[in-house]
Every structure is written in structure tokens, then in C-alpha cells.
Amino acid sequence: MVWAGIFHGWCVLWETTGIAERVRLAEEALLRRMDLRRENSVFMDAVAEILSQRGVLRMHELARDIHVSGRHLQRVFQENMGVSPKTFASLVR
């Protein structure tokens, strides 16, 4: 799957004629990768903090400490774990 995406990306770059279009496509691809890394970083930072505090912490403080909104924290946890950060913290406790 990953190789198919890389191959497709190279084909798209190869088929473009102008340097400006190639630069635009490369920038879009890099920005997508950065967004994915940021989401993973938020999730991993939150999990690490919950584990280090043994599940005893307030969710708004956790969100503040990892520099995201409470809603974003909820969404990232739901997507990656299927539960809220509060539920995960209670399981850790």
C-alpha cells in the first residue's frame, strides 16, 4: 500500500511539465505527512502524560500541557483508541 502511494506520487510528478507544479505537489505531500506526524505526536504525548501521572490528572490540564484544545484531544483519542482520554485515564488508574 505504501509503495503504491509512493509510485503514484512519482508518476504524478513525472507527468507534470512545469517546475512550479512539481514544487506545489511536493509541498502538498510534505504538509500531509507533517499533519499525520503531528496527530501521532499529540496522541503519544497524551498517552505518555497519562501513564506518567498514573491516570490521576484533569483533562483540561492535560490538553493545556500538550498545547491542544480539549476537543482536539478528545477527537485524537477517539480516532486512535476508540475511547476518550478520560476513559483511558480511568483504566490506567
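Keep in mind it's a predicted model, so treat the numbers as computed, not measured.

## Description of the confidence of the model for the protein
Argument step 1. Overall, the predicted model of the protein reaches an average pLDDT of 78, with 72% of residues at or above 70.
Argument step 2. In the model of the protein, helix α1 (residues 2-15) stands out as the element of lowest mean pLDDT, 56, in contrast to helix α3 (residues 59-65), which has the highest, 91.

## Side note on the pattern of salt bridges
Argument step 1. A complete count under the given rule lists one salt bridge for this structure.
Argument step 2. One salt bridge in this structure joins R64 and D65, with 3.3 Å as the shortest N-O distance.

## Observations regarding the nonpolar core
Argument step 1. Counting 16 residues, the largest nonpolar core has A46, I50, L62, I66, V68, L73 and F77 as the members making the most contacts within it.
Argument step 2. Going through the elements one at a time, α2 (19-52), α3, α4 (70-81) and α5 (85-92) are the ones with two or more residues in this core.
Argument step 3. The dominant element in this core, judged by the number of residues it contributes, is α2, at five residues.
Argument step 4. Every residue in contact with F77, bar those within four places of it in the chain, is listed here: F43, A46, V47, I50, G82, V83, S84, P85 and F88.

## A look at the environment of V47
Argument step 1. Locating V47 in the fold gives a position in helix α2.
Argument step 2. With sequence-adjacent residues up to four places away left out, V47 is seen in contact with F77 and F88.

## As for unusual backbone geometry
Argument step 1. Positive phi, normally seen in glycine, also occurs at R54, with a value near 55°.
Argument step 2. Tracing the backbone shows R54 in the loop between α2 and α3.
Argument step 3. On the basis of relative accessible area, R54 is assigned to the exposed category, the value being 65%.

## Quick look at α4
Argument step 1. The end-to-end C-alpha distance of α4, which contains 12 residues, comes to 16 Å, matching closely the 16 Å that a straight helix rising 1.5 Å per residue would cover.
Argument step 2. For α4, every residue scored as buried is listed here: H72, L73, V76 and F77. Take α4 and look down its axis: the buried residues cluster within an arc of 130°, on one side only. Pointing more than 90 degrees away from the buried face of α4 are the exposed residues R71 and E79.

## A closer look at the packing of aromatic side chains
Argument step 1. Counted according to the given criterion, the structure contains two aromatic pairs.
Argument step 2. Ring centres of F43 and F77 lie 5.2 Å apart, and the angle between their planes is 65°; on these two criteria the pair is classed as edge-to-face. Taken together, the positions of F43 in helix α2 and F77 in helix α4 put the pair 34 residues apart, joining distant regions of the chain. Accessibility assignment for this pair places F43 and F77 in one class, buried.
Argument step 3. Between F77 and F88, the aromatic rings sit 5.7 Å apart at their centres with planes inclined by 45°, giving tilted as the arrangement.

Conventions and cut-offs
Residues numbered from 1 in each chain as written. Predicted model: local features only at pLDDT ≥ 70, side-chain atom pairs only at ≥ 80, totals over all residues. Heavy atoms only, no water. pLDDT = per-residue confidence, 0-100. Helix = DSSP H or I, 4+ residues; strand = E, 2+ residues; numbered from the N terminus. Salt bridge = Lys/Arg side-chain N within 4 Å of Asp/Glu carboxyl O. Core = buried A, V, L, I, M, F, W, Y, C linked by side-chain atoms within 4.5 Å. Buried < 20%, exposed > 50% of the residue type's maximum accessible area, 1.4 Å probe, protein only. Contact = heavy atoms within 4.5 Å. Expected span 1.5 Å × (residues − 1). Arc of directions from axis to C-beta. Phe/Tyr/Trp six-rings, centres within 6.5 Å; stacked < 30°, edge-to-face > 60°.

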